[in-house]
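# Overview (structure and organization)
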Amino acid sequence: MPGVDNPQRAHVNYILNCQGCHGPEGSGSADGDVPRMKDFLGNFLNVEGGREFLIRVPGVASAPLSDTAIAELLNWTLHTQSPDQIPEDFLPYNESDVIQWRRKTLGDVAHERERLIVRMR
Amino acid sequence: MKESKNLFDRISEQVSRGLAQNTSRRGLFGLLGAGIVGMSSIPLLPVARAAGTGQPQASDLQESGDDQSCDYWRYCSIDGFLCTCCGGSVNTCPPGTEMSPITWIGTCKNPEDGKSYIVSYNDCCGKSGCGNCLCNTNEGDRPMYVPAKSNDINWCLGTQSSVYHCSTAIVVGMAFE
Amino acid sequence: MNRMFQGFVFGCIIASSSVTNADFKPEPIGIIETLPEQYPDHWIMAQDLSFFHMLEGAVRVIDPSEETTGDQYKGQMTSSFIAVFEHSKVRNEHYVIESFFSRGGRGGKRTDLVTIYDPTSLSVSDEIEIPAKRLTGMPKGTQAALIGEEERFLGIYNFTPAQSVSIVDLEKRVFVNEVATEGCGFVIPNGARSFSSICGDGSFLTSNLDASGALTSSTRTETMFDPVGDPVFETPIAYDDNAYFLSFSGKLLPVNIGEKQISAGDWLSLATTEDEKSWRPGGITPMTSDTNGNVYVLMHPDGGEGTHKNGGSEVWVYDLEKKKRTNRIELKNWSLVVGTSGTGKNKFLLATNTDMAIDVYELPTANYARTLTGAGSTPFVIDGLN
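To keep things clear, this report deals only with the structure shown in the data block. (Residues numbered from 1 in each chain as written. Chains lettered and ligands numbered in written order. Predicted model: local features only at pLDDT ≥ 70, side-chain atom pairs only at ≥ 80, totals over all residues. Heavy atoms only, no water.)

It is a general feature of regular strands that their side chains alternate between the two faces of the sheet. All names here are of chain C. Judged by how many residues are buried, strand β4 (residues 84-88) sits mostly within the fold: five of five residues are covered. Going residue by residue along β4, you find V84, E86 and S88 tucked away on one face and F85 and H87 tucked away on the opposite face as well. In the sheet, β4 pairs with strand β5 (residues 93-101) via five bridges, with the strands oriented antiparallel. When the sheet's bridge partners are listed, H87 is paired in β5 with H94. The turn joining β4 and β5, which pair antiparallel and follow one another in sequence, is formed by four residues; a positive phi near 45° is taken by N92. (Buried < 20%, exposed > 50% of the residue type's maximum accessible area, 1.4 Å probe, protein only. Helix = DSSP H or I, 4+ residues; strand = E, 2+ residues; numbered from the N terminus. Pairing = 2+ DSSP bridges.)

Quick look at the structure:
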């Protein structure tokens with residue numbers, strides 16, 4: 001898996017910090033406002049602003065993980081839950097991406113998400 | 001001065017006084033007199049009740065202790081009524097309830113093998129509070145603004161009903177050594 | 001007991017006096033009691049979350065200075081499903097933020113309401129429907145708060161688990177707006193038409209509203225505490241321009257929550273000696289304050305990871321004016337909740353003990369006075385209106 005030094009560590013970080021809301025497979029929950037990542041997440045990489053959006057969402061930006069661990073976790077999540085949507089020229093997330101974007105908060109997350117979804121169409 | 005007790009066993013004791021006259025108090029309120037946070041002096045019972053009831057278990061997981069008691073190893077960060085006392089089990093919900101897909105995640109040490117396991121505390125929802133075996137343990141629990149680690153939240157979210165009934169403790173992984 | 005006996009004797013004397021059929025005046029039927037418009041400031045609002053029967057909560061009005069349950073108990077507001085209570089001094093109204101289910105305990109359609117009570121009649125004067133997504137859980141003082149000096153807006157914290165704050169206009173009696181909070185929670189008022197929230201990375205977010213309750217701008221601070229290593233409890237004490245947050249390890253963090261910017265002062269330690277360092281704050285409601293700037297913290301010995309809800313055997317008093325710990329109060333019973341009420345001679349420290357009865361201590365002496373038993377099965381929040 002590109003950009004994932006230790007898949008087992010990434011998986012454990014996912015279970016500990018993300019799975020509670022997103023579910024083991026990233027299915028999310030329609031009733032509960034948690035978006036589905038499975039077979040979808042990679043689409044964000046195809047639109048402008050999407051790459052950084054995945055770092056800036058509150059669940060990721062605020063997670064008690066180092067910048068390197070966040071980069072690894074995002075790469076792992078994309079490859080495990082949404083491999084078919086990842087564009088061919090995708091450069092795996094790295095530490096400096098996370099440093100650059102993590103503290104730039106999103107404000108209205110749902111609104112920003114909608115903008116990106118529109119761009120996907 | 002009363003002895004330091006974790007809150008809820010006292011409350012339960014009080015409530016149980018009226019209810020448990022002829023029933024086995026242990027059966028009704030498994031935590032009585034035992035459910036102190038991090039209490040290690042209570043000898044673990046040799047049998048895990050979990051083994052008998054046929055619910056799914058993680059492969060090769062060795063367990064011991066009383067899963068109807070707050071000091072059972074999986075319950076190191078649980079807040080609410082144990083589903084094992086409410087018609088469910090450590091990892092299944094009672095009949096007619098729904099399991100919340102959204103929850104908080106803790107890490108507990110299994111005394112059988114000394115390893116740390118990741119526990120998903122999914123709530124069972126859609127019936128009013130079960131009322132049995134109230135526990136509140138807080139290892140690794142964090143305030144609500146760290147939601148992924150907070151057991152103070154009613155996690156009946158993403159379910160048809162947000163009425164809380166009881167809590168499970170499902171082993172979903174091993175901690176990274 | 002004594003009183004009952006007196007009443008009995010008194011009754012007998014009347015009975016033996018010479019009332020005749022002709023001049024017997026029947027008692028009127030249908031009279032309902034009322035409460036004073038301004039409650040005496042030592043009265044408390046005991047919020048019974050009714051943990052075992054969550055649809056059956058209540059906020060009880062209690063006078064802790066009285067001796068019998070009957071004399072203590074003034075009235076009640078029913079509150080459904082781990083509700084939140086707020087009181088506006090400016091508007092002199094009570095608010096219960098609650099949830100109802102069309103099929104009761106089974107669920108069904110959920111309706112969240114801000115129910116407005118008249119403090120004198122304790123009857124419902126209005127209802128405002130809000131989005132059915134308020135956070136439900138253990139009570140924290142800042143799950144909802146009145147915003148602005150004129151207390152026109154009420155902010156209610158939502159969690160679905162997407163996080164936001166619902167803004168209600170109390171003057172127009174309508175829900176106006178949902179403010180996105182980028183993953184931050186709670187509504188901490190700061191005096192201005194603005195509120196702050198705590199974020200999962202240990203920073204704060206301030207959201208500023210316009211005159212209609214819409215969001216105009218927001219600012220996010222740097223990280224000010226370690227949310228994993230030594231997190232702060234959700235509910236701060238407001239004093240001067242600061243919100244004082246209490247950390248799990250027993251330190252106070254003064255955070256200047258201004259409309260424009262937020263800054264943090266130096267940590268203040270509750271412990272004064274080396275052997276006090278193993279003491280930790282804890283409880284369901286572990287901290288309260290009085291009107292003189294004293295903070296009261298429930299403390300337990302031998303604290304550590306996971307003991308932050310254990311309650312305590314002592315209450316430590318910290319004077320925010322003098323910036324030092326001024327007292328250690330040994331409680332009669334292990335307690336889980338603290339509150340205060342009153343001023344001057346009628347001033348109390350209240351503590352819900354592990355039997356869920358409320359012990360009353362007189363302040364400033366901290367002498368135990370009595371125990372209140374009529375506050376319901378689980379009174380998790382017990383404060384006066386000031």
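Let us look at the interface of chain C and chain B. Between chain C and chain B, the contact holds 49 residues from the first and 44 residues from the second. For the pairing of chain C and chain B, the buried interface totals around 3,900 Å² over both sides, and the portion due to carbon and sulfur atoms is 62%. On the chain C side of the contact with chain B, C:F52, C:K309 and C:D355 bury the most area, a combined 19% of that side's loss. At the junction of chain C and chain B, the tally comes to four salt bridges. Between C:K309 and B:D141 there is a salt bridge, with its nearest N and O atoms 3.0 Å apart. Every element with two or more residues in the side of chain C that touches chain B is listed here: β9 (153-159), β13 (194-199) and β25 (324-343) of chain C. For the side of chain C that touches chain B, a count of residues per class yields 26 nonpolar, 15 polar and eight charged. (Contact = heavy atoms within 4.5 Å. Buried area = accessible area lost by both parts, 1.4 Å probe. Salt bridge = Lys/Arg side-chain N within 4 Å of Asp/Glu carboxyl O. Nonpolar A, V, L, I, M, F, W, Y, C, P; charged D, E, K, R; others polar.)

Residue and element names in this part refer to chain C. Overall, the coordinates contain 26 salt bridges over all chains when judged by the stated rule. Close ionic contact of K133 with E178 constitutes a salt bridge, the shortest N to O distance being 2.8 Å. Within this pair, whereas K133 is found in the loop between β7 (124-130) and β8 (144-147), its partner E178 is found in strand β11 (residues 174-180), the two being separated by 45 residues in sequence. Where K140 meets E234, a salt bridge forms, and the shortest distance between an N and an O atom there is 3.6 Å. Pair noted here: K140 is in the loop between β7 and β8 and E234 is in the loop between β15 (215-220) and β16 (237-239), with a separation of 94 residues, a long-range link. When its relative accessible area of 12% is taken as the criterion, K140 is described as buried. Owing to a relative accessible area of 3%, E234 belongs among the buried residues under this scheme.

Now for unusual backbone geometry. All names here are of chain C. The omega angle of the peptide bond from T160 to P161 is 20°, so this bond is cis rather than trans. Among the structural elements, P161 can be located in the loop between β9 and β10 (163-169). Residue P364 is reached from L363 by a cis peptide bond, and omega for that bond is 10°. Relative to the helices and strands, P364 is located in the loop between β27 (358-362) and β28 (367-372). Although it is not a glycine, F186 sits at a positive phi angle of roughly 80°. In this structure, F186 sits in strand β12 (residues 184-189). Note on F186: relative accessible area 0%, which makes it buried.

Residue and element names in this part refer to chain B. The strand order across the open sheet built from three strands is β3-β4-β8, with neighbouring strands paired in antiparallel fashion. Each having just a single partner strand, β3 (105-110) and β8 (170-174) make up the two edges of the open sheet. Sheet twist, expressed as the mean angle between neighbouring strand axes with direction ignored, is 40°. Direction of pairing for strand β4 (residues 115-120) relative to β8: antiparallel, over a ladder of four bridges. Each residue of the ladder has a partner; that of I118, found in β8, is G173. (Axes fitted to C-alpha atoms, helices over the stretch in contact; angles between N-to-C directions.)

Residues and elements named next belong to chain C. Mapped onto the elements, A211 comes out in the loop between β14 (204-209) and β15. Take A211: its relative accessible area is 45%, and that puts it in the partly exposed class. Between the C-alpha atom of A211 and that of Q143, which follows or precedes it by 68 residues, the distance is 22 Å. Among residues more than four places away in sequence, those in contact with A211 are R152, F153 and R193.

What follows covers helix α5 (residues 67-81) of chain A. All names here are of chain A. With 15 residues, α5 ought to run about 21 Å at 1.5 Å a step, and its terminal C-alpha atoms sit 21 Å apart, in line with that. The buried count for α5 comes to 12 of 15 residues, which makes it a mostly enclosed element. Considered for burial, the residues of α5 that qualify are D67, A69, I70, A71, E72, L73, L74, N75, W76, T77, L78 and Q81. (Expected span 1.5 Å × (residues − 1).)

Residues and elements named next belong to chain C. Spatial strand order, β8-β9-β10-β11: four strands in an open sheet with antiparallel pairing. Looking along the sheet, the strands with just one partner apiece sit at the ends: β8 and β11. Strand-to-strand, the axes of this sheet are offset by a mean angle of 25°, without reference to chain direction. Both β8 and β9 contribute to a ladder of four bridges, which runs antiparallel. Directly across from I147, in β9, lies its bridge partner F153.

Let us now look at the nonpolar core. In this structure, B:F81 and C:F245 are the most contacted members of the largest nonpolar core, which totals 87 residues. Residues A:F44, A:V57, A:L73 and A:I117 belong to the second largest nonpolar core, which totals 32 residues. (Core = buried A, V, L, I, M, F, W, Y, C linked by side-chain atoms within 4.5 Å.)

All names here are of chain B. Within this structure, the stated rule accounts for eight disulfides over all chains. Each sulfur in the disulfide pair C70 and C135 lies 2.0 Å from the other. As the torsion about the S-S bond is roughly -85°, the C70-C135 disulfide counts as left-handed. Of this pair, C70 sits in the loop between α2 (25-28) and β1 (79-81) while C135 is found in strand β6 (residues 134-136), placing the two residues 65 residues apart along the sequence. No difference in accessibility class separates C70 from C135, as the two residues are buried. (Disulfide = S-S within 2.5 Å.)

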